[in-house]
Structure formats: structure tokens, C-alpha cells
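Summary of the model geometry
Listed below are the residues making up each chain.
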Amino acid sequence: MNRAAAGEVSLGYEAFGPTSCGGAGEAGSAAPPLVLLPGLGMRLEHWAPHLPFLAARRRVIALDLRGGVGSDAPPGPYTIRQLAADVAVALGALDLERVDLLGLSMGGFVAQELALAHPARVRRLVLALTARRPSARGRERLRVSLALRERPELLEAYFRDLFLWILEDATYGRPGAVERLVRAAVAAAAEEPLEGVRGQVAACLDYEGCPGLAALTTPTLVLGATDDLVYPPGDTRALAESIPGARYALVEGAHLLSGAAVRRFDEVAVAFLDGR
């Protein structure tokens, strides 16, 4: 994994697709790179199902956040604005003056803050499976989740609880599917910096939303999922309604998209980014 300097930390990233963007932007102009910002605890490889479609159409930079597996994870707590400031510095280090930005879940909080703080650097914005802020229920879920994650003997229980929130119902109907996911997640957890998990959870618990959203002028698409338990359609729709001129779309699926939902998500996002 590559590293980009971001002030006191460095952020991991991977680049995909053509080195120069040839997508059809507005008025026939070349599209800027698309930067992907992940959710809490999300590994860069979790973008893999999206990359064949996205990277065939433009340069894609999957950027990790402070506390992630591929980035520095200093002791927290962190804040969402701090994570957004890291990303801004990293984009400069990568010579990315202007980008399209897609933030997923917690990455959507970061993307909101970045677009407001640096409007000239974000051409188009996609806020996916996210909200204005975590709900009261969502904050309690994060507290319980972190309490499980802190205890090694409860690591399997932590992932079982997490998957109840993010997996689609159909996954539980496939024999052995959840067990395989749990085993893989427990094995991979050894690489996850616990300080990073604590810091990112603290950032979400601290986040009360972005009061300047009504002043956001960046063209924005909010994408929700019909069966998302983390940020249900009511939350994603409320986010769209708080941003002047924002588009809103729903795809079929849960918080962790799979199968046909991934392709539909990518198609809707790229159509918006291309100005269609």
C-alpha cells in the first residue's frame, strides 16, 4: 500500500484506473480523479467489488483515514474535522488539486466537512449510506460495539453483532456464509490498530453534524440503501433535504452492499459524476 503525507500522520492509499482521466465531465471536459473515503473500520480492499466499474471509467484513489489499517493510528480521540483536515493535506501531497469525492458511512461525514472547508477542491460530491450525524440509537450501537472490540475474548461476538447491522438478510439464508465472514474478520483483526478503532469511534460519537450544510454549493448526490440499518432511508433522505439542490437516490440493499446492488450503486454514482 502507498502512503501519502498528511501532516503529523500518513494515510494509506491505492490508485486504480488510467493515469489521466478521460471520463465525460460537464461540457465535455475531462473528469477529475475520484477519491473514495471509507467508513469506520473499513479496509481499502472492501472497495474491490466497485473497482471494475469505477476504474474502467476514471482514475480512482481509495484513500484510508487516520486510524485505519493502512494509515498511522496515533492515540485518540479523533474528530471528524481532524480526519477531513488530514485528507485535505494528503490530497495536496498527491498533487490532486480538484477531485470528485465519494464518502461512505463515516467517510460521508468526512466528505461533508471537506467539501465545506475546501469547496474549490471538490467538483462533485457523493454522500453514500451516511447521514447528517449518528442517531441516538447509532451512538449506543457504537458504544456497545467498542466495548466488545476492546476485549479479545469477545472478538467473535463483536463481528457477529456488527454483521447483524450491515449484512443483507439473504446472507443469513446461505449456509455457512456468515460463519466464513466471521472467521475471516477475526483472523484479519490482528492487523487492526485498536487505538485507531477507538479514535474513529470517538470521532463518530463526538460528531454533531455540519451546521454549514445549508451553504454547501458543491453539486451533491446522497445515496441510500433500502435495507440499511445503520443509516436507514429516513436518515439519508434527511441529509439530502438539508443540502440545497442535492439529488437523492435509493438502491436495493443493506449497509454492506453486495451483488447487483453494487453495480446499481456504481451506475447511479457515475451518472451523477458525469453530469447526467
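Refer to the structure above for everything that follows.
Just so you know, these numbers come straight off a predicted model, no measurement behind them.

1. Considerations on the nonpolar core
Side chains that are nonpolar tend, in soluble globular proteins, to be buried together. Ranked by size, the top nonpolar core spans 59 residues in total, and within it V35, L37 and V87 carry the most contacts. Of all the elements, helix α2 (residues 80-93) adds the most residues to this core, at 7 residues. Discounting residues that sit within four places of it in the chain, L37 has contacts with W47, L63, L65, V87, L101, L102, G103, L104, G107, V110 and A111. Among the nonpolar cores identified, the runner-up in size contains 30 residues, and L36, L44, V126 and L223 belong to it.

2. Re the side chain of S10
Here S10 is to be found in strand β2 (residues 9-16). Of the polar contacts made by the side chain of S10, one reaches the side chain of R3; its length is 2.5 Å. Leaving out residues up to four positions away in the same chain, S10 has contacts with R3, A4, A5, S71 and D72.

3. Quick word on the pairing of strand β5 (residues 99-104)
On a regular strand, each side chain points to the face opposite its neighbour's, so the side chains alternate between the two faces of the sheet. Taken across its 6 residues, β5 has 6 buried, putting it largely inside the fold. Across the two faces of β5 the burial is the same, with V99, L101 and G103 and D100, L102 and L104 all buried.

4. Comments concerning the sheet that holds β2
Strand order in the open sheet formed by 8 strands is β1-β2-β4-β3-β5-β6-β7-β8, and the pairing between neighbours is mixed. The open sheet has two edge strands, β1 (2-6) and β8 (247-251), and neither has a second partner. Adjacent strand axes in the sheet meet at a mean angle of 25°, parallel and antiparallel pairs treated alike. Where β2 meets strand β4 (residues 60-63), 4 bridges bridge the pair, whose relative direction is antiparallel. When the bridges of β4 are listed, F16 appears paired with V60. Along the sheet, α2 contacts β1, β2, β3 (34-37), β4 and β5; its crossing angle with β1, the most-contacted strand, is approximately 115°. Here helix α3 (residues 106-117) sits on the sheet in contact with β3, β5 and β6 (122-128), set at roughly 145° to β5.

5. So, empty space enclosed by the protein
Unfilled space is identified by rolling a water-sized probe across the atoms. This structure, assessed with the given rule, holds 2 cavities of 30 Å³ or more. In this structure, the largest cavity encloses a volume near 70 Å³. Forming the walls of the largest cavity are G41, M42, G67, G68, V69, E192, P193, G196, V197 and Q200. The residue makeup of the lining of the largest cavity, split by class, is 4 nonpolar, 5 polar and 1 charged.

Each value, and the rule that gives it
Residues numbered from 1 in each chain as written. Predicted model: local features only at pLDDT ≥ 70, side-chain atom pairs only at ≥ 80, totals over all residues. Heavy atoms only, no water. Core = buried A, V, L, I, M, F, W, Y, C linked by side-chain atoms within 4.5 Å. Buried < 20%, exposed > 50% of the residue type's maximum accessible area, 1.4 Å probe, protein only. Helix = DSSP H or I, 4+ residues; strand = E, 2+ residues; numbered from the N terminus. Contact = heavy atoms within 4.5 Å. Polar contact = N/O pair within 3.5 Å; in protein donor to acceptor, adjacent residues only side chain to side chain. Pairing = 2+ DSSP bridges. Axes fitted to C-alpha atoms, helices over the stretch in contact; angles between N-to-C directions. 1 Å grid on protein atoms, 1.4 Å probe; cavity = no way out; pocket = protein on both sides within 12 Å on 5 of 7 lines; lining within 4 Å. Points joined across faces, edges and corners; volume = space filled by probe spheres on them. Nonpolar A, V, L, I, M, F, W, Y, C, P; charged D, E, K, R; others polar.

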